[in-house]
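Listed below, chain by chain, are the residues.
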Amino acid sequence: MALSEIDHGRGARTSRLAGLAGRLASRLAAWRHDDSDRSVAQRSAGSAFLIRVASAGIVFVTQILLARWMGRFEFGIYVSVWAWASVLGPLAALGIAHAAQRFIPEYRLGGDLDGLRGFLSGSRWLCFGLGAGAGALVAAAVLVSDLVPPAFVVPFLVCAAILPVFTLSMMQDGIARSFDWVNLALVPLFVVQPVMILAVMGGLKLFDGPMDAVAALVTAGVAMWLVTLAQTLLLGRRLAGAVPPGRRRHDLRHWLAVSLPVFVVDGFFLLLFYVDILVLQLYVDPREVAIYYAASKTLSLVHFISFAVGAAVAHRFSTYHVTGEREKLEGFIADAVRWTFWPTLAFGLLLIVLGKPILMLFGPGFEAGYPLIAIIMIGLIARGAVGPAERLLNMTGQQRLCAVVYAVALATNLTLCVVLIPRQGIFGAAWATAGAVVVESLLLFLVVKRRLGLHAFVWQPRRRG
């Protein structure tokens, strides 16, 4: 073949590749500037997922280093107490934080600026006060009760001091996401805070400071206070530009009437998510809890997929329901399920392959938790197959039914934990969690189908005609 023909062929291929790159760039630019609900939700879900992936990486590295620096016993105490903070902090908000994605669209669509301004300010003060009350109850229970082991007393008192700002951060997260300010909602708590923890604990290690559960919890608490205060200032500036000043109306009774069923759902969901670790503390020592935590943390990236999609689409469900746009709602739930399931499956399989070497990074003995990854993954795949079905129920006025679903799933999980953990230890906890999540997913699918007439499952039925 002549050199000229070879050069011509190369030039043609280069031209085709350049044209393809140009078309992709044009489509990407068009998608980035598309203000349709679907594109905005996709961008929000993508941003939330990327932030949580970055957070997962930072937190994962932090947990590995803490496990190595602190040892399994102190690390087990740390993760046990933080599990309680992660349950009590969101619960103290009484459902108002998650209900923000329902109230804010309703106020905005109805042109009720007085109600909107009242909710944006009053809900945050209310949640801070509720968190402070929860912290006071925890501190009193720890100081009065003889059931708390001595090694856990000071860590739980630190936990009590964290709860007010933890609850406030949940409220501000819900407000920011309702305005599609995903970065403001997630970056402070999920990126900045773990970086601060890593930096401070690394400094303590470098200068031979204390490396125990108390030091880690104090560091985490101070970091949360600082980042949440910074988030408060930034959110105030954003809201000042988005909502004109004026009178405020605080519909406290209405907020609680709508939010309390959501609170019940949140309670069941959080307990369903953490009940394995909470019950494990009753039967095994902190070293075993640390192994179980490391295995479940390895699957954290899979959890964040569902979180990212749900965070992006929940207020869209509310909007379409309020405006009666049935076809948009049907298409949107189908998209949301696909966005949840396929990444869940892909990442889950990847983590099953790489699970053992990942667990070995935590230190000697942690590889014993490798079989737990495959067991827990069964439940996560089932949950991904129905997407953000619980968000759909909550945003369409079906909070009570959603609460019933989680009540049944929680009862299943708790029963299985009590039966299996004494016999199988951490493996019993894994089977209990997987079984409960499968039950939860099946019930969510059935309730959405029968009550809303929507098909919340990854495989859609064929349309007739």
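Scroll up a little and you will see the structure.
Residues numbered from 1 in each chain as written. Predicted model: local features only at pLDDT ≥ 70, side-chain atom pairs only at ≥ 80, totals over all residues. Heavy atoms only, no water.

Draft legend 1. Summary view of the layout of surface pockets. The calculated volume of the largest pocket comes to roughly 480 Å³. Lining the largest pocket are 19 residues, and of these Trp-84, Val-148, Pro-149, Phe-156 and Gln-281 lie nearest its centre. At the level of secondary structure, the elements contributing two or more residues to the lining of the largest pocket comprise helix H2 (37-91), helix H4 (113-144), helix H5 (150-178), helix H8 (252-283) and helix H9 (286-298). Looking at the lining of the largest pocket element by element, the count peaks at 4 residues for H8. Residues belonging to the lining of the largest pocket are distributed by class as follows: 16 nonpolar, 2 polar and 1 charged. (1 Å grid on protein atoms, 1.4 Å probe; cavity = no way out; pocket = protein on both sides within 12 Å on 5 of 7 lines; lining within 4 Å. Points joined across faces, edges and corners; volume = space filled by probe spheres on them. Helix = DSSP H or I, 4+ residues; strand = E, 2+ residues; numbered from the N terminus. Nonpolar A, V, L, I, M, F, W, Y, C, P; charged D, E, K, R; others polar.)

Draft legend 2. Expanded view of helix H11 (residues 326-360). The first and last C-alpha atoms of H11 sit 50 Å apart over 35 residues, in line with the 51 Å expected at 1.5 Å per residue. The sharpest bend along H11 measures roughly 60 degrees and falls at Leu-354, with the proline Pro-357 sitting one to four residues further on. (Expected span 1.5 Å × (residues − 1). Bend = angle between axes of the 7 residues up to and from the residue.)

Draft legend 3. Broad picture of the nonpolar core. With 106 residues, the main nonpolar core has Phe-75, Tyr-78, Phe-119 and Tyr-292 as its most contacted residues. Counting residues per element, this core draws most heavily on H2, at 17 residues. Setting aside anything within four residues of it in sequence, one finds Tyr-78 in contact with Gln-63, Leu-66, Met-70, Ala-213, Ala-216, Leu-217 and Ala-220. (Core = buried A, V, L, I, M, F, W, Y, C linked by side-chain atoms within 4.5 Å. Buried < 20%, exposed > 50% of the residue type's maximum accessible area, 1.4 Å probe, protein only. Contact = heavy atoms within 4.5 Å.)

Draft legend 4. A look at a nonpolar patch on the surface. Judged by side-chain polarity, Leu-282, Tyr-283, Leu-414 and Val-418 come together as a nonpolar surface patch covering roughly 390 Å² of accessible area. Within the residue set of the nonpolar patch, elements represented by two or more residues are H8 and helix H14 (399-424). (Patch = residues over 30% accessible without salt bridge, like charges linked within 9 Å, V, L, I, M, F, W, Y side chains within 5 Å. Areas by Shrake-Rupley, 256 points an atom, 1.4 Å probe, with all protein chains shown as cover. Salt bridge = Lys/Arg side-chain N within 4 Å of Asp/Glu carboxyl O.)

So far we have only geometry, and geometry alone does not tell us how the molecule works.
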